[in-house]
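Chain residues, written in single-letter form:
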Amino acid sequence: MPRNVRDVVFVDGVRTPFGKAGPKGIYHETRADDLVIKCIRELLRRNPQLPPERVDDVAVAATTQIGDQGLTLGRTAAILAGLPKTVPGYSVDRMCAGALTAVTTVAGSLAFGAGDIAVAGGVEHMGRHPMGEAVDPNPRFVAEKLVDESALFMGMTAENLHDRFPTLTRARADEYAARSQEKAAKAYADARIQPDLVPIAVRRTGEEGGERGWGLATADEPMRPGTTVEALAGLKTPFRPHGRVTAGNSAGLNDGATASLIAAEEVARELELPVKMRLVTYAFAGVEPEVMGFGPIPATEKALRRAGLTIDQIGLFEINEAFAVQVLAFLEHYGIADDDPRVNQYGGAIAFGHPLASSGVRLMTQLARQFEDQPHVRYGLTTMCVGFGMGASVIWENPHWEGRE
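Every value quoted in this text rests on a predicted model; they were computed, and no experiment measured them.

### Focus on the pattern of salt bridges
- Summed over the entire model, instances satisfying the criterion amount to 29 salt bridges.
- With a closest N to O distance of 3.1 Å, arginine 6 and aspartate 116 form a salt bridge. Taken together, the positions of arginine 6 in the segment before β1 (8-15) and aspartate 116 in the loop between α3 (98-112) and β5 (117-125) put the pair 110 residues apart, joining distant regions of the chain.
- In this structure arginine 6 comes out as buried when scored by relative accessible area, which is 16%.
- We note a salt bridge from arginine 46 to aspartate 196, for which the minimum N-O separation is 3.0 Å. Of this pair, arginine 46 sits in helix α1 (residues 32-46) while aspartate 196 sits in the loop between α6 (170-189) and β6 (200-205), and the two are 150 residues apart along the sequence.
- Residues participating in the shared-partner salt-bridge network are Asp12, Arg46, Asp196, Lys276, Arg369 and Glu372.

Given below as structure tokens:
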């Protein structure tokens, strides 16, 4: 039977403040599942016109799906967040693009008519579950030279990308990183980030392990406003002697969660839910794992072809800053200046942090906020590199666009 594909929209998105992984991080004593549960609850609170029983599915991503990030997290988080037990859920893993994939997966279901409304998001508690914990890579990868050994270490793949593109110097990476911090600080000063943050009650321990009581996390912990290029130039290069990748020009190890409401547009209109972005198309692509950061380029090429658009028609870019060099490679490929004002207007992961599987929805919430402020822009892009040699890109249309056909 022929089916009409429905338009799918981004209704709303929220996230926790992102924290630093480890004993001194704000979420050291907080469970991973509780972070994403808080986000789901906040979505329901912010959208009271949505009957909870109308949610058809909950997709939650995590890269390390064990412990408090395991047990089919979408289902367990849905129950713990207070959704009816009739609402199903599942888990997703596409490493860094986990939440992005959760969104595109539920979007496909909604477009097909297999549901009307879904929750999609992600969580990563890298303090409790470091990247690669309990992983056992098949020895054939290296023994049979299927991939270079460096493919298993993300920082080394960033160094490889510098090798492949010698014009992408450390100086350019440091300059980009300093701008990211500066833009993030301005976005906070302009109150463009805080409206979509979910305050999280956190238990804090003393320096010697003694109890210090409870606090409230209300801002991203990794941010370093006032960062200078001169300060970044003095940092060590942990992945290679005399290398180019540092803690200052890459995202750190972080904890955090995100969640979004995705709906068929006709249903969102029926329930009078906000329509913040309209999904145009999306694409995933594979690249050589040892240059993982190149992934957004072929993914974006594929998405543009599917949409019948050119890169010049994209008015806003949200590019995940796993490493500055990865963003610079994308910009150089398309002939876009390092400091182009369309790119990461509010700053990126170098400032806010990158809790792996959660980051895709952060890109979307920031793009949605920019669409609202800039009705002259019709199309925007959220894109990111993905571990072990992949890229992911989603093209969005601004429902507030004031142009004419």
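That was the structure; now back to the text.
### Considering the UniProt feature "active site" (unreviewed entry) in the protein chain
- Following the UniProt record, one finds the feature "active site" (unreviewed entry) at Cys96, His354 and Cys385. A compact arrangement is adopted by the annotated residues: their sequence extent is 290 residues, whereas the largest C-alpha distance between any two is 11.9 Å.
- Mapping histidine 354 onto the fold places it in the loop between α11 (349-352) and α12 (359-373).
- Residue class for histidine 354 comes out buried when judged on its relative accessible area of 5%.
- Apart from the residues lying within four places of it in its own chain, the contact partners of histidine 354 are Cys96, Met126, Ala251, Gly252, Asn254, Asn320, Ala322, Ala349, Ser359 and Met384.
- Side-chain polar atoms of histidine 354 contact the side chain of asparagine 320, separated by 3.4 Å.
- Mapped onto the elements of the fold, cysteine 385 is located in strand β11 (residues 379-386).
- For cysteine 385, a relative accessible area of 1% gives the class buried.

### Considerations on the nonpolar core
- Formed by 41 residues in total, the largest nonpolar core has its most connected members in Ile40, Leu50, Val58, Leu83, Ile117, Val119 and Val123.
- Where this core is concerned, the elements lending two or more residues are β1, α1, β3 (57-61), α2 (73-80), β5, β6, β8 (254-264) and α8 (265-270).
- Ranked by residue count, the leading element in this core is α1, at eight residues.
- Listed in part, the 38 residues of the second largest apolar core include Ala158, Leu232, Ile311 and Tyr334.

### A look at α12
- Look at α12: 22 Å from first C-alpha to last across 15 residues, which is about the 21 Å you get at 1.5 Å a residue.
- For α12, a buried count of 13 out of 15 residues is recorded, marking the element as mostly surrounded by other parts of the structure.

### Quick word on α6
- With 20 residues, α6 extends 29 Å between its outermost C-alpha atoms, agreeing within 8% with the 28 Å of an ideal straight helix rising 1.5 Å per residue.
- Residue alanine 191 follows α6 closely and has a positive phi angle near 60°.

### A few points about the UniProt feature "domain: Thiolase C-terminal" (unreviewed entry) in the protein chain
- UniProt's feature table lists "domain: Thiolase C-terminal" (unreviewed entry) at residues 275-397, given in the numbering used throughout.
- Each end of residues 275-397 is marked by a C-alpha atom, and these two atoms are 11 Å apart; helix forms 33% of the span and strand 26%.

### Side note on the packing of helix α5 (residues 154-164) against helix α10 (residues 324-333)
- At a minimum axis distance of 9 Å, the contact between α5 and α10 shows a crossing angle of 35°. In this structure, the crossing between α5 and α10 has a hand that is left-handed. Only Val325, Gln326 and Ala329 of α10 make contact with α5, whose side of the interface consists of Ala158, Leu161 and His162.
- Here the residues of the contact of α5 with α10 sort into four nonpolar, two polar and no charged.

Rules and cut-offs
- Residues numbered from 1 in each chain as written.
- Predicted model: local features only at pLDDT ≥ 70, side-chain atom pairs only at ≥ 80, totals over all residues.
- Heavy atoms only, no water.
- Salt bridge = Lys/Arg side-chain N within 4 Å of Asp/Glu carboxyl O.
- Helix = DSSP H or I, 4+ residues; strand = E, 2+ residues; numbered from the N terminus.
- Buried < 20%, exposed > 50% of the residue type's maximum accessible area, 1.4 Å probe, protein only.
- UniProt positions renumbered as here; feature names shortened; annotations may be inferred.
- Contact = heavy atoms within 4.5 Å.
- Polar contact = N/O pair within 3.5 Å; in protein donor to acceptor, adjacent residues only side chain to side chain.
- Core = buried A, V, L, I, M, F, W, Y, C linked by side-chain atoms within 4.5 Å.
- Expected span 1.5 Å × (residues − 1).
- Axes fitted to C-alpha atoms, helices over the stretch in contact; angles between N-to-C directions.
- Left-handed = near helix turned anticlockwise from the far one by under 90°.
- Nonpolar A, V, L, I, M, F, W, Y, C, P; charged D, E, K, R; others polar.

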